[in-house]
Amino acid sequence: MSTEPRRGAAGGAVRGDAPGRRQQRRRRRSRAFLGAFAIVVAVLAVIGLAGAAVTTAQGPRATRVSVDPDAASRNAGSRVIFTTTQSLADVTPDQVTVTPATSFTVDTSGRSVGVRFALPLWDDTQYTVTITDVVGVGGAASTTLSETFTTPKLQTYILQRGNEGAGGDTVFQTDLEGDAAVPVFTAPQIEDFRATSSHLVISTIDDDGHSHLTVTDLDGGSQRDLPLPGTGSVTNLQSADRGDLIGYTFTDANIGAAGARENVLYTASLADAQADTDPTAITRSGGESRVGDWRFVPGTDTLLTLTYDGALTLVSPPTASGGASAPVALGNAVAIDGIARGSTTVIVERVTGPAAIDLSTAQEVPLAATDTSLGQVNRVIPMADGTTLRVLAILDGFTVRSTTVHVVDAAGAARPVFDIDPKDTLIDTCVSPSGRYAAFLIAPDAVSNTYDGHRLPLPKKVQTHVVSLADGTEQVALQGFDISWCQTPPRM
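Residues numbered from 1 in each chain as written. Predicted model: local features only at pLDDT ≥ 70, side-chain atom pairs only at ≥ 80, totals over all residues. Heavy atoms only, no water.

Participant: When you look at the overall build of the chain in this model, what are you seeing that I'm missing?
Facilitator: In terms of helices and strands, the chain carries 2 helices and 34 strands. Residues classed as buried in the chain amount to 43% of the 492 residues present. Contacts in the chain between residues at least 24 apart in sequence constitute 45% of all its contacts with a sequence separation of at least 6. By element, 52% of the accessible surface of the chain is carried by carbon and sulfur atoms, the whole surface being about 24100 Å². (Helix = DSSP H or I, 4+ residues; strand = E, 2+ residues; numbered from the N terminus. Buried < 20%, exposed > 50% of the residue type's maximum accessible area, 1.4 Å probe, protein only. Contact = heavy atoms within 4.5 Å. Areas by Shrake-Rupley, 256 points an atom, 1.4 Å probe, with all protein chains shown as cover.)

Participant: Could you clarify how one ought to interpret the pattern of salt bridges in this entry?
Facilitator: Side-chain pairs of opposite charge can arise where the charged atoms are in close proximity. Tallied over the entire structure, the rule returns 19 salt bridges. Among the ionic pairs, Arg-194 bridges to Asp-192, the shortest N-O distance being 3.1 Å. What makes Arg-194 buried here is its relative accessible area of 2%. With a shortest N-O distance of 2.8 Å, Asp-396 and Arg-401 are connected by a salt bridge. By relative accessible area, Asp-396 is classed as partly exposed at 42%. Its relative accessible area of 49% is what places Arg-401 among the partly exposed residues. Connected via shared salt-bridge partners are Asp-293, Arg-295, Asp-337 and Arg-491. (Salt bridge = Lys/Arg side-chain N within 4 Å of Asp/Glu carboxyl O.)

Participant: Which parts of the structure should I look at to understand the state of the cysteines?
Facilitator: Working definition: the covalent bond between the sulfur atoms of two cysteines is a disulfide. Inspection of the entire model under this criterion finds 1 disulfide. Each sulfur in the disulfide pair Cys-430 and Cys-486 lies 2.0 Å from the other. Between Cys-430 and Cys-486 the sulfur-sulfur dihedral comes to about 105 degrees; the bridge is accordingly right-handed. With Cys-430 in strand β31 (residues 425–431) and Cys-486 in the segment after β34 (474–479), this pair connects stretches of sequence that are 56 residues apart. Across the pair, exposure class does not vary: Cys-430 and Cys-486 are buried alike. (Disulfide = S-S within 2.5 Å.)

Participant: Would you explain the sheet that holds strand β33 (residues 463–468) in this entry?
Facilitator: Strands belonging to one sheet form pairs held by backbone hydrogen bonds; the direction of such a pair is parallel or antiparallel. Spatially, 4 strands are ordered β31-β32-β33-β34 in an open sheet, and the strand pairing comes out antiparallel. Every interior strand has two partners, whereas the edge strands, β31 and β34, have only one. Neighbour to neighbour, the strand axes of the sheet diverge by 20 degrees on average, direction disregarded. Pairing of β33 with β34, which is carried by 5 bridges, proceeds in the antiparallel orientation. Considered in β34, the bridge of Val-466 is made with Val-476. (Pairing = 2+ DSSP bridges. Axes fitted to C-alpha atoms, helices over the stretch in contact; angles between N-to-C directions.)

Participant: I would appreciate a short explanation of unusual backbone geometry in the present structure.
Facilitator: Backbone phi values are negative for most residues with the exception of glycine, while trans is the configuration of most peptide bonds. Between Thr-99 and Pro-100 the backbone carries a cis peptide bond, its omega angle lying at -5 degrees. Mapping Pro-100 onto the fold places it in the loop between β3 (96–99) and β4 (104–109). The backbone of Ser-222 sits at a positive phi, close to 55 degrees, despite the residue not being glycine. On the secondary structure map, Ser-222 appears in the loop between β13 (211–217) and β14 (224–225). Positive phi values are uncommon outside glycine, yet Asp-482 reaches one of about 65 degrees. Note on placement: Asp-482 falls in the segment after β34.

In structure tokens:
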């Protein structure tokens, strides 16, 4: 009896059941994988929840702090930014302490909080920024964030004019020790220069007596000419406190011809991307536009102009479409003494004497008088902290017996910081961007100190004395003028 059919049947049954068993094995493996995956997910979820709980319990922690000490010492508006592990509840100014004290604002966005300094920080100084009671948007535990950094030593620029045949005039970069000056730009006749956050702009005169503006990097490299409105003379070169914006007054070489421009105010950008952009004329609609003096208003694109008719006016540059805001009249004045960085208060000279105007409201504010025994007020320079720097002279008839410079508070209390020898002449006074120093431009032995032949003439021997305003200590006396924190050229 053969068993093949049975085996065949059995074998057939076996072959027929094999796919079912494979499917069962697959299902078992799938169930095992899904179970293991679920366990892993559950474990990760537990770990994540535990981590979140720990993070919440610990409060926000800083993962990164961003600060540029060099930029903070040179420019207003620099920031310290803390990035944390959590989205933050709004931080208020009373939670922030900056040591040494300086003006600041604070803003919160997502996981970051930034502290913005209103003015440049003091050079060569250690600063600590501390933020207390920092909490996430969900509340729970709070924490303290802190960062300490040191600003670099101050670097500045100064212009030295050479004697005839002595190789021309040179802009130097120097420190406050005065023994490490490096020449960055030389030309036969340099009238003036200004420094922005990333460029130098130098006003020169060619052999035909025409002005040129040369733009360079801060080390004097990448020189290029800035387009001018035409052929003529550039005067009253100034730069804005932020960005690469400059302004100047321009007079055509053919000033006697019909339609020639005289002392028209222009602005221009030093940004490389706008190297070929023509300057923008700033005019006063409905009145005299020839400008005798002017200033950039800090933190805005508005300009304060003093025109030939004595009108003091706030003027806005034209918009991209060509329109412009209406000018704001501020009365008449004789001169503009200055606008403090980080401030909206300008000091002007009216016929009746110095006056302070709040440019944000166009209202005149009181200016406290000093003790008459200190002398006659020759100039008032505003500072961001509300004090002023005043040049006071004691006269005997038409003879100057003494000239002193005082820091004067809002109540009129005066503190001396600098004395000028009667034989010398004080030409100009400038306050550093941080307000830490003042620079006094002195012409020694004024009677015998003859003037040079430049379009902006100055005594051939000049010295810039840098003085600490905290205690009147002289830091250095530099040969030259136009120290780069001066906002305007010297006024003779």
